[in-house]
Amino acid sequence: MLTADRIIVPLDVPTFAAAIALVETLPDVSFWKVGLELFVSSGPEILAELKQRQKRIFLDLKFHDIPNTVAGACRSAAQYDVDLLTIHATAGRRALQDAQAALSEATEPPKLIAITLLTSLSSRDLAFDLKVPVELPQFTLEMALMAKECGLAGAVCSPHEAKQIKQLCGQDFLLVCPGVRPHTISVTGDQKRTMTPADAIKSGADYLVIGRPITAAEDPVAAFARICEELGT
Ligand SMILES: O=C(O)c1cc(=O)[nH]c(=O)n1[C@@H]1O[C@H](COP(=O)(O)O)[C@@H](O)[C@H]1O
């Protein structure tokens, strides 16, 4: 796989028109993420449009609910023919199992991947706000292992945890890593656990989710090209 194809760019925009404009601005991006902002505002129309343009799709709706509800949501999402779909690991073992079982009924189900711990959260947030009395790397590893045991295809984690998760969950356990910031960008924004694209790939990430460093750049095409170059494509 070309390194450029390992970069997923989020369509974190409020309208269908803005999403299409971004897709047209960046013709070399092959993998797009449709998340909550766009899906809540515009619905599934964007998915058909991306399919028509032969793009791969990460439908990032981050399901987090009781087992029966997430299973139903997965059944509904399966109709869109997307490549990746997210659920929070903290929905629990039964929810992960039922979600995966619901997807398995589809002919070509998306790969279900579990959010281990949002990259906007730090060790301090985990301990003091969420009151989780476990070290952050251990927590993300446990969430990934549970997702694997439930038959999920992979996990979303920060690149900092990728190496250890790959070691324990196996090379074929897919790791999608947001919180990626090129070394030229000093502002991390709301991301707390960040790493450069090259280091993230070295750490074991299969895919990188990179948004604002590309989409909010003065020249998004140049920003994307620079990241691809940094990765050696
Ligand atoms: O599931 C995700 O994609 C996700 C998980 C996570 O832990 N952290 C995270 O930032 N994301 C998404 O990755 C993207 C990161 O965007 P930037 O911070 O602009 O690069 C956003 O669309 C987030 O919704």
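Residues numbered from 1 in each chain as written. Predicted model: local features only at pLDDT ≥ 70, side-chain atom pairs only at ≥ 80, totals over all residues. Heavy atoms only, no water.

J.: Teacher, can you tell me more about the packing of helix α1 (residues 16-25) against helix α3 (residues 45-52) here?
T.: Helix packing geometry: the angle between the two helix axes and the distance between the axes. Between α1 and α3, the shortest axis-to-axis distance is 11 Å and the interhelical angle comes to 20 degrees. In terms of orientation, α1 lies roughly parallel with respect to α3. Between α1 and α3 lies a crossing whose hand is right-handed. Contacts between α1 and α3 involve F16, A19, I20 and V23 from the former and E45, I46, E49 and L50 from the latter. Here the residues of the contact of α1 with α3 sort into six nonpolar, no polar and two charged. (Axes fitted to C-alpha atoms, helices over the stretch in contact; angles between N-to-C directions. Helix = DSSP H or I, 4+ residues; strand = E, 2+ residues; numbered from the N terminus. Parallel < 35°, antiparallel > 145°, perpendicular 65-115°, else oblique. Left-handed = near helix turned anticlockwise from the far one by under 90°. Contact = heavy atoms within 4.5 Å. Nonpolar A, V, L, I, M, F, W, Y, C, P; charged D, E, K, R; others polar.)

J.: Mind showing me how you'd approach the pattern of salt bridges here?
T.: Scanning the model with the defined rule gives 13 salt bridges in all. The partner of K192 in a salt bridge is D125, and the shortest N-O contact between them spans 2.8 Å. One end of the pair, K192, is in the loop between β7 (174-177) and α9 (197-202); the other, D125, is in helix α6 (residues 123-129), and 67 residues separate them in sequence. In this structure K192 comes out as partly exposed when scored by relative accessible area, which is 48%. The closest approach of N and O atoms between D190 and R212, which form a salt bridge, is 2.6 Å. Note that D190 is positioned in the loop between β7 and α9 and R212 in helix α10 (residues 212-215), a separation of 22 residues in sequence. (Salt bridge = Lys/Arg side-chain N within 4 Å of Asp/Glu carboxyl O. Buried < 20%, exposed > 50% of the residue type's maximum accessible area, 1.4 Å probe, protein only.)

J.: Any chance you could explain the packing of helix α4 (residues 67-78) against helix α5 (residues 93-104) here in plain terms?
T.: The contact between α4 and α5 brings their axes to 8 Å, and the two run at 30 degrees. Of the possible angle classes, the one that applies to α4 and α5 is roughly parallel. The element α4 and its partner α5 pack so that their crossing is right-handed. From α4, P67, V70, A71, C74, R75 and A78 reach across to α5, where they touch R94, A95, D98, A99, A102 and L103. Taken together, the residues of the contact of α4 with α5 break down into nine nonpolar, no polar and three charged.

J.: What is the right way to read the packing of aromatic side chains from this model?
T.: Each aromatic ring pair is specified by the distance between its two centres and by the angle formed by the two planes. Counted according to the given criterion, the structure contains two aromatic pairs. Taken together, a centroid distance of 5.3 Å and an interplanar angle of 80 degrees make the contact between F31 and Y207 edge-to-face. Placement of F31 in strand β2 (residues 31-34) and of Y207 in strand β8 (residues 207-209) is noted, with a sequence separation of 176 residues between them. For the pair shown, F31 and Y207 are each scored as buried. Arranged with centres 6.2 Å apart and planes meeting at 70 degrees, the rings of F39 and Y80 form a pair that is edge-to-face. Of this pair, F39 sits in helix α2 (residues 36-42) while Y80 sits in the loop between α4 and β4 (84-88), placing them 41 residues apart in sequence. (Phe/Tyr/Trp six-rings, centres within 6.5 Å; stacked < 30°, edge-to-face > 60°.)

J.: Looking at this structure, I do not really get the nonpolar core. What am I missing?
T.: Side chains that are nonpolar tend, in soluble globular proteins, to be buried together. Of all hydrophobic cores here, the largest spans 69 residues; its most connected members are I7, L11, W32, V34, I46, L59 and I87. Per-element accounting of this core gives the leading share, seven residues, to helix α7 (residues 136-149). If we skip the residues at most four places from it in the chain, I46 touches L11, F16, A19, I20, V34 and L38. (Core = buried A, V, L, I, M, F, W, Y, C linked by side-chain atoms within 4.5 Å.)

J.: Would you mind going over the sheet that holds β7 with me for this structure?
T.: Strand pairing within a sheet occurs via backbone hydrogen bonds; the two strands may be parallel or antiparallel. Sheet architecture is closed into a barrel: eight strands sit in the order β1-β2-β3-β4-β5-β6-β7-β8, paired in parallel fashion. Averaged over neighbouring strand pairs, the angle between their axes works out to 25 degrees when direction is ignored. Relative to β2, strand β1 (residues 7-10) runs parallel, the two sharing three bridges. In the sheet register, V9 faces β2, and the bridge partner there is W32. (Pairing = 2+ DSSP bridges.)

These figures come from the coordinates and say nothing about function on their own.
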